[in-house]
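Report on the structure
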Amino acid sequence: MTRVFNFSAGPAALPEPVLQQAAAEMSDWRGSGMSVMEMSHRGKEFMSILAETKALLIELLNIPANYKVLFMQGGALGQNAILPMNLLRGRNSADYVHTGEWSKKSIEEAGKYCRVRVAATAEASRFTHVPPQGSWDIDPHAAYVHICSNETIGGVEYHWTPDTGDVPLVADMSSNILSKPVDVSRYGLIYAGAQKNIGPAGLTLVIVREDLLGSALPITPQVFDYQHLAANDSMINTPPTYAIYIAGLVFQWIKDQGGLEGMARLNQAKAGLLYDTLDASGFYTSPVAREDRSRMNVPFRLPDPALDAEFLKGAEARGMVQLKGHRVVGGMRASIYNAVPMAAVQALVAYMKEFEAKHG
Ligand code: PMP
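This is a predicted model, so every value here is computed, not measured. (Residues numbered from 1 in each chain as written. Predicted model: local features only at pLDDT ≥ 70, side-chain atom pairs only at ≥ 80, totals over all residues. Heavy atoms only, no water.)

Within the structure, the ligand sits among G75, A76, L77, W102, C148, N150, T152, D172, S174, S175, Q195 and K196. One of the backbone N or O atoms of A76 is found 3.0 Å from an oxygen atom in the ligand. Within the side chain of D172, a nitrogen or oxygen atom sits 2.6 Å from a nitrogen atom of the ligand. Alone, the ligand offers 400 Å² of accessible surface; in the complex the protein occludes 84% of this. At three residues, helix α3 (residues 75-87) tops the list of elements feeding residues into the shell around the ligand. (Near = heavy atom within 4 Å. Polar contact = N/O pair within 3.5 Å; in protein donor to acceptor, adjacent residues only side chain to side chain. Areas by Shrake-Rupley, 256 points an atom, 1.4 Å probe, with all protein chains shown as cover. Helix = DSSP H or I, 4+ residues; strand = E, 2+ residues; numbered from the N terminus.)

As structure tokens, this is what we get:
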């Protein structure tokens, strides 16, 4: 059995050493005589896994002491509702920056709970750039300003941290969390679905500044009340135990790769190789403004969509899967998260050149 080069946008490739360790520990976790899946979430074994996973995340992201780390469920889409429920704090509107499909979903959902102001939008460029800070119109009374730090479908990423003054900055980091160092203190809240750079689907990570807690709307479900979760160390009910365990193994793997600096170097090298190939080709095109191109999700187009099927078929024959672009953007998309090795990008680039030589 050989493993494919997996360019899936999520759930996505996991580090092979993590999978091997999980396999080795599958039926007997470190002499406990149990699989992690079989453990009581309140038993000492799982409590130690939870504590270690949290400690590793705090270390990797250098999370300040006045922030809470919450392990939740409901996905990043769940947070689109959970966020306004928890963070309005008596205010009646929130600001959103519209950069593509995922921020659009956030805007639509938040509209059920508060007035949503679009503080900036990239609609004019068909969502191929991040609106520069100078174009943002932030309401100083907004409960928060929401951004999507990496638009997974459009392939647009912030390479700078917005300055929102006294209004808390909130980021959906689902598709670029842990891919580079982040100054957490610049954010009021960060959330991410796990199934790209963290681990299996089913776990949602929230990092929130303490002073924003405690004013959830009365309708907020108990299991989605940040304050309540923080007070109970994410253990109001059964957390996604196995996903948390795998996340812990992934965090340790990231640490072993040199932490977030190490990840950033690797991701820069991988994305650089792919974008250089696109730019040098005259055959493939990248729709995204150069300065805002994502290092995680790289959409690209062939000169004629009639070639797409043959490109994908040839890729699969060479062990490269999940390169089909999202239907909204079309063309191809290579998702090259932390766990996608440089060898995968090298194989892709070699194949792209071969395909271009044949059809160019
Ligand atoms: N936000 C972003 C940026 C995403 O990429 C995704 C998933 N692709 C989501 C939100 C939705 O995440 P989930 O499936 O965990 O709800």
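So, next bit.
This part covers the environment of A339. Looking at the secondary structure, you find A339 in the loop between β13 (332-335) and α9 (342-359). Separated by 143 residues in the primary sequence, A339 and K196 have C-alpha atoms spaced 8.9 Å apart. Residues in contact with A339, not counting those within four places in the same chain, are A13, L14, P15 and W253. (Contact = heavy atoms within 4.5 Å.)

As recorded in UniProt, the sites labelled "binding site: L-glutamate" (unreviewed entry) are R42. Structurally, the position occupied by R42 is in the loop between α1 (16-24) and α2 (44-61). Leaving out residues up to four positions away in the same chain, R42 has contacts with M47, M235 and I236. (UniProt positions renumbered as here; feature names shortened; annotations may be inferred.)

Next up on the list: unusual backbone geometry. Backbone torsion omega between G10 and P11 reads -10°, so that peptide bond is classified as cis. Summarising the element assignment, P11 is placed in the loop between β1 (5-6) and α1. A positive phi angle, close to 50°, is found at R89, a residue other than glycine. Along the chain, R89 turns up in the loop between α3 and β3 (93-98). In this structure, R126 is a non-glycine residue whose phi angle is positive, near 55°. Summarising the element assignment, R126 is placed in the loop between β4 (115-121) and β5 (145-148).

Another point: the UniProt feature "binding site: pyridoxal 5'-phosphate" (unreviewed entry) in the protein. Taking the UniProt record as the reference, the feature "binding site: pyridoxal 5'-phosphate" (unreviewed entry) is found at W102, T152, D172, Q195, N237 and T238. Spatially, the listed residues are scattered: they cover 137 residues, and their C-alpha atoms lie as much as 30.7 Å apart. Checked against the element boundaries, Q195 lands in the loop between β9 (189-193) and β10 (204-209). Apart from residues lying up to four places away in sequence, Q195 is in contact with G10, P11, A12, P200 and A201. Assignment of secondary structure puts N237 in the loop between α5 (226-231) and α6 (241-256).

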